[in-house]
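# Geometric and topological summary
Residue-level listing of the chains:
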Amino acid sequence: MQLHDTELFKRIQTHDEEALELLYDRYEKLLFSFCYRMTNNSFLAEEIVQDVFTKLWTKQRNFDETKGKFSSWLLTVTRNAALDKLRKKSVKTYELDERDALHEDPSSVETQVEWKEENEQLQTAMKTLSEEQRGIIELFYFKGMSQTSIAETCGIPLGTVKGRVRLALKHLRTELSSIKERGMQHEQ
Amino acid sequence: MNNNSCDILLDYFNDQLSEEHRKEFETHLLYCEECQDELAELEQLVEDLPYAAEPVNPPEGMKGRILSTVKDENKNITPLAHKQTEAEGKSSYAKETENKTKNKSWMKPLIAAALTLSLAGNGAALLYINNQDNEVAEEPPAKPINESLDAIKQSLTLSPSSGVNAEASALMIEQNEKMNLVIEANNLPPLEGEETYQVWVLKDDQPHRAGTFVTNAEGKGAVSYLLEGDKSWETIAITKEPNANSQKPKGEILLSSPI
Ligand SMILES: [Zn+2]
């Protein structure tokens, strides 16, 4: 799968339309859902997905195979494009909202095979975090806010933001690893 | 290490820094192992987070809209190749374009890309061009980019140092009162390992980094770089560096030109 992604990416760089479509089909839903998660706006989400594929097509972004998985790289490019779009549109979603942080909107929950398992594991891991930690991750990662804005929004000292972000992410990662481990034991 | 710089790692990660501060931090990052480690750790820690998004169905027709816009982008950024041959019959058009793009016009997409490129993204704007991008569009595009090209302030040809058999040219493009430097080079010797080509601008014999690029199999490479401030640069030069991090030139000057 990863080899194929890289191969498709290379072909897209040579303006191979078939490769573009194949890669598009493969990532459309993940990228759109991620952008929607960040913007809460399907119009903006579509624009961002378009920006991302335009960047691939016009070679404004280059993927370095030695630096990791293609999917992770593509998601980073997507997040940066989303942050850029949010900034340009001055879309500000600064309220710390519990629903937002967990994003448990039952109507949007579909049993998609694409990343259902990862999604469930993440949701489970998220629930082990304190409300404050979930909020910090939301503001830092999904809203891409500056440390100053995070400090103001959460009412915490600026100097503590970095430590709190790191702690929250580490907590999440630890929980996620143990959930994945349990899942694997369960399967055996 | 400078604590103030270390403190803005998260803002760098979230692309919240001004151009100036971003560059300062990138320089800091080259020397501060703590920040290097933290950034790597951060990237790893957030790797799974996109999958926290619940699957949402894209709006109807999104695929068609996006794919046609993306493919059109290709046509819009290669108008000069078309312009040159506009007067000629369509049958000779494709062949003509193909020949020309191999030599000169392949640079034009990069100029257009540089003009629309967000230079504020994480990491340097590293552009890689390969020969294959001379795709021939079927029809001439509706919108030429003449307005954009009007902003070109200076065009230079770099001279190779003795014993060097390579070519390069530079364009200074003014955009929003900032100066974009666009470099393209041909026939550069192949790179090995982490080696990169580095563009420098010099003032009072002091070199400043002005873009890093790698070449394709044919020795072609290009980069667009946002020049800082209103310094009156005196010289532009290209060297080969052991990696992308050189703060001062380590390799010999391969190509150069007064500005
Ligand atoms: Zn540091």
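Just so it is clear, the model here is predicted, and its values are computed rather than measured.

About the thresholds
- Residues numbered from 1 in each chain as written.
- Chains lettered and ligands numbered in written order.
- Predicted model: local features only at pLDDT ≥ 70, side-chain atom pairs only at ≥ 80, totals over all residues.
- Heavy atoms only, no water.
- pLDDT = per-residue confidence, 0-100.
- Helix = DSSP H or I, 4+ residues; strand = E, 2+ residues; numbered from the N terminus.
- Contact = heavy atoms within 4.5 Å.
- Buried area = accessible area lost by both parts, 1.4 Å probe.
- Salt bridge = Lys/Arg side-chain N within 4 Å of Asp/Glu carboxyl O.
- Polar contact = N/O pair within 3.5 Å; in protein donor to acceptor, adjacent residues only side chain to side chain.
- Axes fitted to C-alpha atoms, helices over the stretch in contact; angles between N-to-C directions.
- Parallel < 35°, antiparallel > 145°, perpendicular 65-115°, else oblique.
- Left-handed = near helix turned anticlockwise from the far one by under 90°.
- Nonpolar A, V, L, I, M, F, W, Y, C, P; charged D, E, K, R; others polar.

## Focus: the confidence of the model for chain A
Should the pLDDT be low somewhere, the predicted coordinates at that spot are not to be read in detail. Residue and element names in this part refer to chain A. On average, residues of chain A score 84 in pLDDT, and 83% of them are at 70 or above. By mean pLDDT, the top-scoring element of chain A is helix α7 (residues 131-142) (95), and the lowest-scoring one is helix α5 (residues 98-102) (35). The low-confidence segment residues 91-112 (pLDDT under 50) makes 37 contacts with residues lying over four places distant or belonging to another chain.

## Notes on the interface of chain A and chain B
Taken together, the 66 residues of chain A in the interface contact 53 residues of chain B. Together, the buried faces of chain A and chain B total about 5,900 Å²; carbon and sulfur atoms form 57% of this surface. Broken down residue by residue, the surface that chain A buries against chain B is led by K59, K162 and R173 of chain A, which jointly contribute 11%. The interface formed by chain A and chain B holds 10 salt bridges in total. Between the two partners, chain A and chain B, sit 25 residue pairs in polar contact (both at pLDDT 80 or more). Residue assignment for the side of chain A that touches chain B shows that the elements contributing at least two residues are α2 (17-39), α3 (42-57), α4 (70-88), α6 (116-127), α7 and α9 (161-187) of chain A.

## A short note on the pattern of salt bridges
Applying the stated criterion across every chain, the model contains 26 salt bridges over all chains. Of the charged contacts in the structure, one is a salt bridge between K71 of chain B and E17 of chain A, with a shortest N-O distance of 3.5 Å. Of this pair, K71 of chain B sits in helix α5 (residues 62-76) while E17 of chain A is found in helix α2, placing the two residues in two different chains. Put simply, E118, R173 and K180 of chain A together with D48 of chain B are held in one network by salt bridges that share partners.

## Examining the packing of α2 of chain A against α7 of chain A
Residue and element names in this part refer to chain A. Running from amino to carboxyl end, α2 crosses α7 at an angle of 115°, the nearest separation of the two axes being 10 Å. Of the possible angle classes, the one that applies to α2 and α7 is roughly perpendicular. Where α2 crosses over α7, the handedness of that crossing is left-handed. Mapping the contact onto sequence places F34, R37 and M38 in α2 and E138, Y141 and F142 in α7. Tallied by class, the residues present in the contact of α2 with α7 amount to 4 nonpolar, no polar and 2 charged.

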